[in-house]
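Fold and contact review
This is what each chain is made of:
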Amino acid sequence: MAKASEAFVQAGDREVRVSSPERVIYEATADTPEVTKLMVAQYFADAGEGLMRALRDRPTALERWPSGVREGFTLATGPQDKDAEAFYQKRIAKGAPDWVESVEITFPSGRKAREICPTEIAVPVWCAHMGTLTFHPWPVRSADVDHPDELRIDLDPQPGTTFADVVRVALVARELFADLGVRAFVKTSGNRGVHVFARIRPEWGFPDVRHAAIAFGRELEKRDDGVTTAWWKEERGERIFVDYNQNTRDRTIASAYSLRPLPGAPVSTPVTWEELAGLSDARALNLFTVTERMADGDPWAEIDDVAHDLTPLLELWEADPRELNYPPDHPKMPGEPPRVQPSKKVAEHWDADGNRVEP
């Protein structure tokens, strides 16, 4: 019997076409059945309210795996990865339906592009038709793309740490936010990490929000010696890294309810703090189980109720304004330390501004 060449998914008021609906995107595992392209599209439609809460009016990069997820498949992160099976798409595709909106954003280089800006659930479903599994929204809205409206704390486990370590640190982060008068929300990354989000008033630019994240990370280090803000991997040890640079322009985190390209179709899943405390394996939150959870509502349903003041964290930054390294694709910033691994650095070869000088 011939395979169907197309199918249609009801997404809000639209029927969205999905080509090659029977293509296997995730192979079966011991715990989960195989997942087809049509199932991915239907999952996004079913995740509608929660997924749109994460994406609505945000410039969003797409992580596309058109051939599915297989052992050995790689994700391109630069021109050197021309043979990779998956890639990021940061510009709206030519031929996109006229109801797929976009917004102009500016990269750290100063170049500009128009990026997809979801306004209805049909957009993520159409993205599934394009092979998208993971959505990477900016922390801004289309009305003001230069002032973030959320602070993102990415807790990244380093080698030698466990998911239990990440959960412990996340709960300490919750206490710190509470002490600052901020209501924070948490989700699994869909892999080994945990993401903590807080809505903020869009009154500060990316540098200030990044500095607030650094200040938060330093306070977290004081409360738990299993935490680090060290940019260089060789300095992190067996600790949980607070990736403060996820608050930098054009650096993004997988959205709530995104699929991740790992066996079993795991989902970056919003959870309550009580659920997180009892969670031992985030892989149990996948396309199949998360769909079932939706009947009980979204743990992030109230995330937009309050936008917080960033001033308390910026005051902490001002009390300890030591700059940390930016990502390598960003221009060198004032006060930034030298962009060289500590193990390769010869102190006398660098001046106070981080510029290389002759010995």
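The paragraphs below set out a description of the structure included in this document. The model shown is predicted, which means the values in this text are computed figures rather than measured ones.

1. Notes on the packing of aromatic side chains
Applying the stated criterion across every chain, the model contains 9 aromatic pairs. Summarising the aromatic geometry, the rings of F185 and W300 are spaced 6.4 Å apart at their centres and angled 70 degrees between planes, so their arrangement reads as edge-to-face. Pair noted here: F185 is in strand β11 (residues 185-188) and W300 is in the loop between α7 (287-293) and α8 (311-319), with a separation of 115 residues, a long-range link. Residue F185 shares its accessibility class with W300, and that shared class is buried. Site record: aromatic cluster; members linked through ring pairs are Y43, F44 and F135. For R236, the ring lying beneath its charged end belongs to F241, and the centroid distance is 3.7 Å.

2. Examining the nonpolar core
Note that soluble globular proteins tend to have their nonpolar side chains buried in a common cluster. Formed by 91 residues in total, the largest nonpolar core has its most connected members in L155, L220 and L259. The element that contributes the greatest number of residues to this core is helix α4 (residues 163-179), accounting for 9 residues. Core analysis: the second largest hydrophobic core is formed by 9 residues, I105, F107, C117 and F206 among them.

3. Some words on unusual backbone geometry
Although it is not a glycine, Y257 sits at a positive phi angle of roughly 75 degrees. Looking at the element boundaries, Y257 is found in the loop between β14 (240-242) and β15 (270-271). Even without being glycine, A265 reaches a positive phi, approximately 55 degrees. Tracing the backbone through its elements, the reader meets A265 in the loop between β14 and β15. The class for A265 is buried, based on a relative accessible area of 0%.

4. Details of the packing of α4 against helix α5 (residues 206-223)
Packed helices, taken two at a time, are described by the angle between their axes plus the distance between the axes. Packing of α4 against α5 leaves a shortest axis separation of 10 Å and a crossing angle of 115 degrees. Crossing of α4 against α5: the hand is right-handed. Mapping the contact onto sequence places V169, V172, A173, E175, L176, F177 and D179 in α4 and F216, E219, L220 and R223 in α5. Grouping the constituent residues of the contact of α4 with α5 by class yields 7 nonpolar, no polar and 4 charged.

5. Regarding the pairing of strand β2 (residues 14-19)
Pairing analysis gives 6 bridges linking strand β1 (residues 6-11) to β2, with the strands arranged antiparallel. Its bridge partner lying in β2, F8 is registered against R17. Between β1 and β2, which pair antiparallel in sequence order, lie 2 residues; one of them, G12, sits at a positive phi of approximately 65 degrees.

6. What to know about the pattern of salt bridges
Across all of its chains, the model carries 27 salt bridges by this definition. Residue R141 is joined to D149 by a salt bridge in which the shortest nitrogen-to-oxygen separation is 2.9 Å. Given a relative accessible area of 23%, R141 falls into the partly exposed group. On the basis of relative accessible area, D149 is assigned to the buried category, the value being 10%. Here D304 and R141 are joined by a salt bridge, their closest N and O atoms 3.5 Å apart. Linking D304 in the loop between α7 and α8 with R141 in the loop between β9 (132-137) and β10 (150-157), this pair joins segments that are 163 residues apart in sequence.

7. Some points on the sheet that holds strand β13 (residues 227-228)
Spatial ordering of the open sheet is given by β13-β14-β10-β12-β11-β15, a layout of 6 strands whose pairing is mixed. Since the sheet does not close on itself, it has two edges, and those belong to β13 and β15, each with one partner. Judged from the 4 bridges that link them, β11 and strand β12 (residues 194-199) form a sheet pairing that is antiparallel. Bridge assignment links F185 to a residue of β12, and that residue is F197.

8. Describing the packing of α5 against α8
Interhelical geometry of α5 versus α8 gives an angle of 75 degrees and a closest axis separation of 8 Å. In terms of axis orientation, α5 runs roughly perpendicular to α8. Contacts between α5 and α8 involve D208, H211, A212, I214, A215, F216, R218 and E219 from the first element and L313, L314, L316 and W317 from the second.

Scoring rules and cut-offs
Residues numbered from 1 in each chain as written. Predicted model: local features only at pLDDT ≥ 70, side-chain atom pairs only at ≥ 80, totals over all residues. Heavy atoms only, no water. Phe/Tyr/Trp six-rings, centres within 6.5 Å; stacked < 30°, edge-to-face > 60°. Helix = DSSP H or I, 4+ residues; strand = E, 2+ residues; numbered from the N terminus. Buried < 20%, exposed > 50% of the residue type's maximum accessible area, 1.4 Å probe, protein only. Lys NZ or Arg CZ within 6 Å of the ring centre and 35° of its normal. Core = buried A, V, L, I, M, F, W, Y, C linked by side-chain atoms within 4.5 Å. Axes fitted to C-alpha atoms, helices over the stretch in contact; angles between N-to-C directions. Left-handed = near helix turned anticlockwise from the far one by under 90°. Contact = heavy atoms within 4.5 Å. Nonpolar A, V, L, I, M, F, W, Y, C, P; charged D, E, K, R; others polar. Pairing = 2+ DSSP bridges. Salt bridge = Lys/Arg side-chain N within 4 Å of Asp/Glu carboxyl O. Parallel < 35°, antiparallel > 145°, perpendicular 65-115°, else oblique.

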